[in-house]
Amino acid sequence: MFLGIGQMVATILILYVSKLNKIVHFPDFDKSIPVKLFPLPLIYVGNHLSGLSSTSKLSLPMFTVLRKFTIPLTLLLEIIILGKRYPLNIIVSVFAIILGAFIAAGFSVFAGSLVNQVKTMSDMSFNLEGYIFVLLNDIFTAANGVYTKQKIDPKELGKYGVLFYNACFMVIPTVFISFSTGDFQQATHFQHWTNFLFVFQFILSCLFGFLLMYSTVLCSHYNSALTTTVVGAIKNISIAYIGMLIGGDYIFSMLNFVGLNVCMAGGLRYSFLTLRGNSKPAQPGDEENALPVSKS
């Protein structure tokens, strides 16, 4: 959480200095800014707290599967909030990613049972609190992506305004939460603050955190919240492929390998359909006859 505070401070400083030097532009603060930004700060807090609470309460395979439900929730919220419509082949691609995650995670739980029967019973047990937190995390993550897409409209706050004012509104509550959980005290009393290499890496992490947030907002700005979520899933699958080659701890199983391939196939199919939809030239009369389809 302390690193998150550092990333917010880095976001505020970078964007404020850039605005002063006329590198970026976003609205000056006035009483309408909180109204325009709402409910993003509340969603950010919910996303942060539910994410921290869910990771320690479920086994990694089940956590991975349940986190994939962010994708269909994003699709649903885009339909409800943004009024978008998706063709059937896009929806099938989305659910193929979830199906692949179920298949791959099924192997992981089975492999755990071979290693340790006690661990298996823990993995397979129904942890109601863990399920609630991870599903809340899915909802908050999906809502954050959809509302960010809505707020970064130039008629609203724009992408830089969303990043700047969201960080401004959230840095003080996050510091308060960090104090109340003891995280802030532990971080400030860490013994390596006098180590130049550690301080350099911490500052670098704060800067990279800003770049990650900016990249996510930029992806949503030029595409859709659903595309941003699917790209994140493809990234995670790609990491799994790399881990097969260089990690050294991957246990090969046909079931797990098939699941990963189904996930990747769904992601690539979604990417192909999205790119084809964006590059397809409009035909005469299309605007009158076409069904409403989202622009990703």
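Residues numbered from 1 in each chain as written. Predicted model: local features only at pLDDT ≥ 70, side-chain atom pairs only at ≥ 80, totals over all residues. Heavy atoms only, no water.

Asker: What exactly am I supposed to notice about the overall build of the chain here?
Answerer: Along its length, the chain carries 14 helices and zero strands. From first element to last, N terminus to C terminus, the chain shows the α and β order α-α-α-α-α-α-α-α-α-α-α-α-α-α. When each of the 296 residues of the chain is scored for burial, the buried share is 40%. Of the contacts made within the chain by residues no fewer than 6 positions apart, 82% connect residues no fewer than 24 positions apart. Carbon and sulfur atoms make up 69% of the accessible area of the chain, which totals about 17,000 Å². (Helix = DSSP H or I, 4+ residues; strand = E, 2+ residues; numbered from the N terminus. Buried < 20%, exposed > 50% of the residue type's maximum accessible area, 1.4 Å probe, protein only. Contact = heavy atoms within 4.5 Å. Areas by Shrake-Rupley, 256 points an atom, 1.4 Å probe, with all protein chains shown as cover.)

Asker: Can you help me understand the packing of aromatic side chains in this one?
Answerer: The description of two aromatic rings rests on the distance between their centres and on the angle between their planes. In this structure the tally under the stated criterion is 16 aromatic pairs. Following the ring pairs from residue to residue traces out a cluster consisting of Phe2, Phe179, Phe184, Phe190, Trp193, Phe198 and Phe202. We note lysine 19 situated over the ring of phenylalanine 26; from NZ or CZ to the ring centre the distance is 4.7 Å. (Phe/Tyr/Trp six-rings, centres within 6.5 Å; stacked < 30°, edge-to-face > 60°. Lys NZ or Arg CZ within 6 Å of the ring centre and 35° of its normal.)

Asker: Before we go on, may I ask you to explain helix α9 (residues 158–181) in this structure?
Answerer: Residues three or four positions apart in an α-helix share a direction because the helix packs 3.6 residues into each turn. The terminal C-alpha atoms of α9 lie 34 Å apart, and with 24 residues this matches the ideal 34 Å at 1.5 Å per residue to within 8%. At methionine 170, α9 is bent by approximately 35°, the largest bend along its length, and proline proline 173 sits one to four residues beyond. (Expected span 1.5 Å × (residues − 1). Bend = angle between axes of the 7 residues up to and from the residue.)

Asker: Just to check I follow, could you spell out a nonpolar patch on the surface for this structure?
Answerer: On the surface, Phe196, Leu197, Phe200, Ile203, Leu204, Leu207, Phe208 and Leu211 cluster together into a nonpolar patch covering about 790 Å² of accessible area. If you trace the backbone, isoleucine 203 turns up in helix α11 (residues 196–222). Judged by its relative accessible area of 45%, isoleucine 203 is partly exposed. (Patch = residues over 30% accessible without salt bridge, like charges linked within 9 Å, V, L, I, M, F, W, Y side chains within 5 Å. Salt bridge = Lys/Arg side-chain N within 4 Å of Asp/Glu carboxyl O.)

Asker: I'm lost on the pattern of salt bridges in this one. Help?
Answerer: Pairing is possible between side chains that carry opposite charge, provided their charged atoms lie close to one another. Here the structure, examined in full by the defined rule, presents three salt bridges. Ionic pairing is found between aspartate 138 and arginine 67, a salt bridge with its closest N-O pair at 2.8 Å. Of the two residues, aspartate 138 sits in helix α8 (residues 128–151) while arginine 67 sits in helix α4 (residues 60–67), which places them 71 residues apart along the sequence. Under the relative-accessibility criterion, aspartate 138 is labelled buried at 0%. With a closest N to O distance of 3.9 Å, glutamate 78 and lysine 84 form a salt bridge. Assessed through its relative accessible area of 14%, lysine 84 is described here as buried.

Asker: In this structure, what is going on with the nonpolar core? I would like to understand it.
Answerer: One recurring pattern in soluble globular proteins is that nonpolar side chains are buried together. Among the nonpolar cores identified, the biggest contains 27 residues, and Leu15, Phe26, Phe164 and Tyr165 are the most heavily contacted of them. Elements with a contribution of two residues or more to this core: α1 (2–20), α2 (33–37), α9, α10 (183–188) and α11. Ranked by the residues each element gives to this core, the list is headed by α9, at eight residues. Setting aside residues no more than four positions away along its own chain, phenylalanine 164 makes contact with Ile12, Leu15, Tyr16 and Phe26. Ranked by size, the runner-up nonpolar core spans 16 residues in total, among them Leu75, Ile90, Leu226 and Val230. (Core = buried A, V, L, I, M, F, W, Y, C linked by side-chain atoms within 4.5 Å.)

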